[in-house]
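If you want the building blocks of each chain, they are given just below.
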Amino acid sequence: MTRSALLLLLTSLLCASPAAAQAAAASSNESDLAISARARAIQASAIIVDTHADTPQRFLDEGFDIGSTDPNDIGHISLDKARRGNLGAEFFSIWVDPETNQGHFARHTFDLIDSVYEQAARHPDRMMMSFSVADIERAHKEHKLAALMGIEGGHSIENDIHLLRDYYRLGVRYMTLSWSNTNEWADSSGDIDDPKVQHHNGLTDFGKQVVLEMNRLGMMVDISHVADKTFWDAIATTKAPVIASHSSARALTNAPRNMTDDMLRAVTKNGGVVQVNFFSAFVDEEFRKAMEAQAKDQSAAIQKHLDSLKAQGTPASYIEIDRIERQWMAKIPRPPLKSLIDHIDHVAKIAGVDHVGLGSDFDGVSGATPQGIDSAADLPKITQALLDRGYSADDIKKILGGNLLRVFGEVERVSREMQASDAKLVSAPK
Ligand SMILES: [Zn+2]
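Residues numbered from 1 in each chain as written. Predicted model: local features only at pLDDT ≥ 70, side-chain atom pairs only at ≥ 80, totals over all residues.

(A) Representation of the overall build of the chain within the structure. From N to C terminus, the chain includes 17 helices and nine strands. Against the compact-globule benchmark of 22 Å for 430 residues, the chain has a radius of gyration of 20 Å, which places it among compact chains. Viewed in the frame of its principal axes, the chain has a C-alpha envelope of about 75 × 55 × 45 Å. Sorting the 430 residues of the chain into buried and exposed places 53% on the buried side. Put simply, of all contacts in the chain between residues at least 6 apart along the chain, 79% involve residues at least 24 apart. (Helix = DSSP H or I, 4+ residues; strand = E, 2+ residues; numbered from the N terminus. Rg over C-alpha atoms; globule rule 2.2 N^0.38 Å. Buried ≥ 20, exposed ≤ 12 C-beta atoms within 10 Å, placed from the backbone. Contact = placed C-beta atoms within 7 Å.)

(B) Examining the pairing of strand E1 (residues 48–53) more closely. In terms of burial, E1 is a largely internal element, six of the six residues being buried. Direction of pairing for E1 relative to strand E2 (residues 87–94): parallel, over a ladder of four bridges. Bridge pairing in E2 places Val 49 opposite Ala 89. (Pairing = 2+ DSSP bridges.)

(C) Geometry of the confidence of the model for the chain. Of the residues in the chain, 92% reach a pLDDT of 70 or more, and the chain-wide mean stands at 91. Note that residues 1–29 has pLDDT below 50 and, in this model, 62 contacts with residues that lie over four places away or in other chains. (pLDDT = per-residue confidence, 0-100.)

(D) Quick peek at the pairing of strand E5 (residues 172–176). A large share of E5 lies buried, amounting to five of its five residues. Two elements, strand E4 (residues 145–152) and E5, share four bridges in a ladder whose sense is parallel. Its bridge partner lying in E5, Met 149 is registered against Val 172. A crossover links E4 with its parallel partner E5, the connecting element being helix H8 (residues 161–169), and its sense is right-handed. Pairing of E5 with strand E6 (residues 220–222), which is carried by three bridges, proceeds in the parallel orientation. Bridge pairing in E6 places Met 175 opposite Val 221. (Right-handed = clockwise from strand over helix to strand, strands pointing away.)

(E) View of helix H14 (residues 318–329). Over its twelve residues, H14 runs 16 Å from end to end, which matches the ideal 16 Å to within 8%, given 1.5 Å per residue. Among the residues making up H14, those that are buried are Ile 321, Asp 322, Glu 325 and Met 329. For H14, the angular spread of the buried residues around the axis is 100°, confining them to a single face. (Expected span 1.5 Å × (residues − 1). Arc of directions from axis to C-beta.)

(F) Quick peek at unusual backbone geometry. For Asn 201, which is not glycine, the phi dihedral falls at a positive 60°. Position of Asn 201 among the secondary structure elements: in the loop between E5 and helix H9 (205–217). Residue Asp 361 is not a glycine yet carries a positive backbone phi of 70°. Residue Asp 361 is classed as buried on the basis of its C-beta count, with 29 C-beta atoms lying within 10 Å.

(G) How the structure looks around helix H3 (residues 37–45). Buried residues of H3: Ala 39, Ile 42 and Gln 43, and no others. The arc that holds every buried residue of H3, seen down its axis, measures 100°, which confines them to one face. Seen from the buried face of H3, the exposed residues on the opposite side, beyond 90 degrees, are Ala 37, Arg 38, Ala 41, Ala 44 and Ser 45. Buried positions along H3 lie against helix H16 (379–388) and helix H17 (393–427).

(H) Spotlight on the packing of helix H4 (residues 55–62) against helix H6 (residues 105–122). Packing of H4 against H6 brings their axes to within 9 Å, and their N-to-C directions diverge by 90°. Comparing the axis directions of H4 and H6 gives the class roughly perpendicular. Where H4 abuts H6, its residues Pro 56, Phe 59 and Leu 60 lie against Asp 111, Leu 112, Ser 115, Val 116 and Gln 119. For the contact of H4 with H6, the class distribution of residues is five nonpolar, two polar and one charged. (Axes fitted to C-alpha atoms, helices over the stretch in contact; angles between N-to-C directions. Parallel < 35°, antiparallel > 145°, perpendicular 65-115°, else oblique. Nonpolar A, V, L, I, M, F, W, Y, C, P; charged D, E, K, R; others polar.)

Written as structure tokens, this is what we have:
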């Protein structure tokens, strides 16, 4: 998630309320929540998996090195921060801005994929490209960060199933059917109310083929960002469990991109997992409303910047846009850590503790995370907060990564089965 995703939240108006500031003040001590020995032990014995970080844009546009130990770096992810938070596996998001990359989505997708491999090549002692559950487990044993990739937005395949297969071969293990933009085969929640956009009432026939091909390949079907009807079409089509790589609960925070309780129950039935997004505007209603209130002005500021670049013939830079977004976001008080934990707790209650996990959206939310969560190094605070709410060690380990590994394993199994039955059909005597 980044940029227009935030802007697309705009619909109504409400000012940042004093209540938000009070809530922030009341829980300021959460940011230095003491981590107990028990929480540390759970943290140390778990394989912790985060399914969404936008760091590849930093690799590519900023030349950021994941080995950086710069104490002033404002990023959420580095090898140091990952180790301090005992993060075992990160799914790096391959996100192509559909506005600034028109006509060359695939090209930019390949560049971002390359940027992840280049980082792994620079740090072979601490980071390992990973493509399976077995790889994640191996990386964990070797005390390396398992680096995986997920494509955020079906527009990356340029309506071409061959490209989808190429991405799989390059190691991409999930694809979000749409980002905030409706593409030519899947409706998005980001523009579903925009009459100028041509919608398809969910997934087109080609979109359903994409889902089935992902099942056959062993690429997880990610329903974050999609319109509600697209979600239901994906659930009806898929032969494997789905994931929401970075989505929170709509019952608590009314963002159209969050999931309703009915959707959460459908994911339970499907055997999938909802990885809760940490973004303040998705986990805290006060923050969301305050952001909505400033969305028009923020959008105008960014547009002004883009227009001036265009006039100079300079390409738009992710870093500059991120800087402007950060300035706006910093005007709103950070929500307490409790808001994020409430979402994890809600998904655990409605979908079940076997169907919830972590999808931080690190490095994709312009710094807007709840208090105390400043980087991957702060993940132990989530473990501590779940312990404080009475979760057992086993359940916490499921939330931290066990559930995602189960779903990933199941997606691998379905893929093997589909490929075996295809092979049988081909080799059957006439
Ligand atoms: Zn996103």
